[in-house]
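Understanding the architecture of this molecule
Chain by chain, the residues:
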Amino acid sequence: MNKKHLRYAAIAFVIFYLWTDPQAAADVVNNTISALGDAGNSLSQFVSAIGT
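What comes next concerns the included structure. (Residues numbered from 1 in each chain as written. Predicted model: local features only at pLDDT ≥ 70, side-chain atom pairs only at ≥ 80, totals over all residues. Heavy atoms only, no water.)

**A short note on the overall build of the protein chain**
In plain terms, the rule: Each helix is a run of DSSP H or I of at least 4 residues and each strand a run of E of at least 2, with the numbering of both proceeding from the N terminus. Throughout, the radius of gyration refers to the C-alpha atoms, and the reference size of a globule is 2.2 Å times the residue count to the power 0.38. Exposure categories follow from relative accessible area, calculated using a 1.4 Å probe and restricted to protein chains: below 20% of the type maximum is buried, above 50% is exposed, and the middle band is partly exposed. To be clear on the numbers: accessible area is Shrake-Rupley with a 1.4 Å probe, and residue cover counts the displayed protein chains and nothing else.
Across its full length, the protein chain holds two helices and zero strands. Scaling as 2.2 N^0.38, a compact globule of 52 residues should have a C-alpha radius of gyration of about 10 Å, whereas the protein chain reaches 18 Å, well beyond that. Reported as C-alpha extents along the three principal axes, the dimensions of the protein chain are approximately 50 × 30 × 10 Å. Here the protein chain holds 52 residues, and the buried ones make up 2% of them. Accessible surface, the protein chain: about 4700 Å² in total, of which carbon and sulfur atoms supply 67%.

**As for a nonpolar patch on the surface**
Here is the rule we go by: A residue counts toward a patch only above 30% relative accessible area and without a salt bridge, and it is joined to like-charged neighbours within 9 Å or, for Val, Leu, Ile, Met, Phe, Trp and Tyr, to nonpolar neighbours within 5 Å. A carboxyl oxygen of Asp or Glu within 4 Å of a side-chain nitrogen of Lys or Arg is what we treat as a salt bridge.
There is a patch of nonpolar side chains on the surface, built from Phe-13, Val-14, Phe-16 and Leu-18 and spanning about 420 Å² of accessible area. Tracing the backbone through its elements, the reader meets Leu-18 in helix H1 (residues 3-20).

**Thoughts on the packing of aromatic side chains**
The description of an aromatic ring pair rests on the distance of the ring centres and on the angle between the ring planes. Keep this limit in mind: Note on aromatic contacts: the rings of Phe and Tyr and the six-membered ring of Trp form a pair at centre separations within 6.5 Å, being stacked when their planes are under 30 degrees apart, edge-to-face when over 60 apart, and tilted otherwise.
According to the stated counting rule, one finds one aromatic pair in the structure shown. Taking the centre distance of 6.1 Å and the plane angle of 10 degrees together, the rings of Phe-13 and Tyr-17 count as stacked. Placement of both Phe-13 and Tyr-17 in helix H1 is noted, with a separation of four residues, approximately one turn of the helix. Given the relative accessible area of 30%, Tyr-17 is considered partly exposed.

**With respect to the packing of H1 against helix H2 (residues 22-51)**
When two helices pack together, their arrangement is given by the angle between the helix axes and by the axis-to-axis distance. How we decide: Axes, fitted as lines to C-alpha atoms, cover a helix only where it is in contact. Angles between the N-to-C directions of the axes lie from 0 to 180 degrees. Contacts are residue-level and defined by heavy atoms, with any inter-residue pair within 4.5 Å sufficient.
Two elements in contact, H1 and H2, have axes separated by 5 Å at closest approach and are oriented at 115 degrees. Contacts between H1 and H2 involve Tyr-17, Leu-18, Trp-19 and Thr-20 from the former and Pro-22, Ala-24, Ala-25 and Val-28 from the latter.

**Re the environment of His-5**
This is how the line gets drawn: Two N or O atoms form a polar contact when they lie within 3.5 Å of each other; inside protein one atom must be a possible hydrogen donor and the other a possible acceptor, and for residues adjacent in sequence the pair counts only when both atoms belong to side chains.
With respect to the helices and strands, the residue His-5 is situated in helix H1. Here Asn-2 takes part through its side chain, which lies 2.8 Å from a polar atom of the side chain of His-5.

Given below as structure tokens:
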């Protein structure tokens with residue numbers, strides 16, 4: 001399989017996942033956004049600590 005086929009398979013899996021369990025998919029998105037926000041806050045604290 002080349003990259004094009006893998007991309008189509010991944011897109012098909014995401015669509016299937018959203019179709020069969022939308023609540024779990026929404027939880028995954030919310031958890032991902034929360035984790036990115038936590039990482040941003042940690043980076044901000046690190047940069048602030050360097051300046052002091």
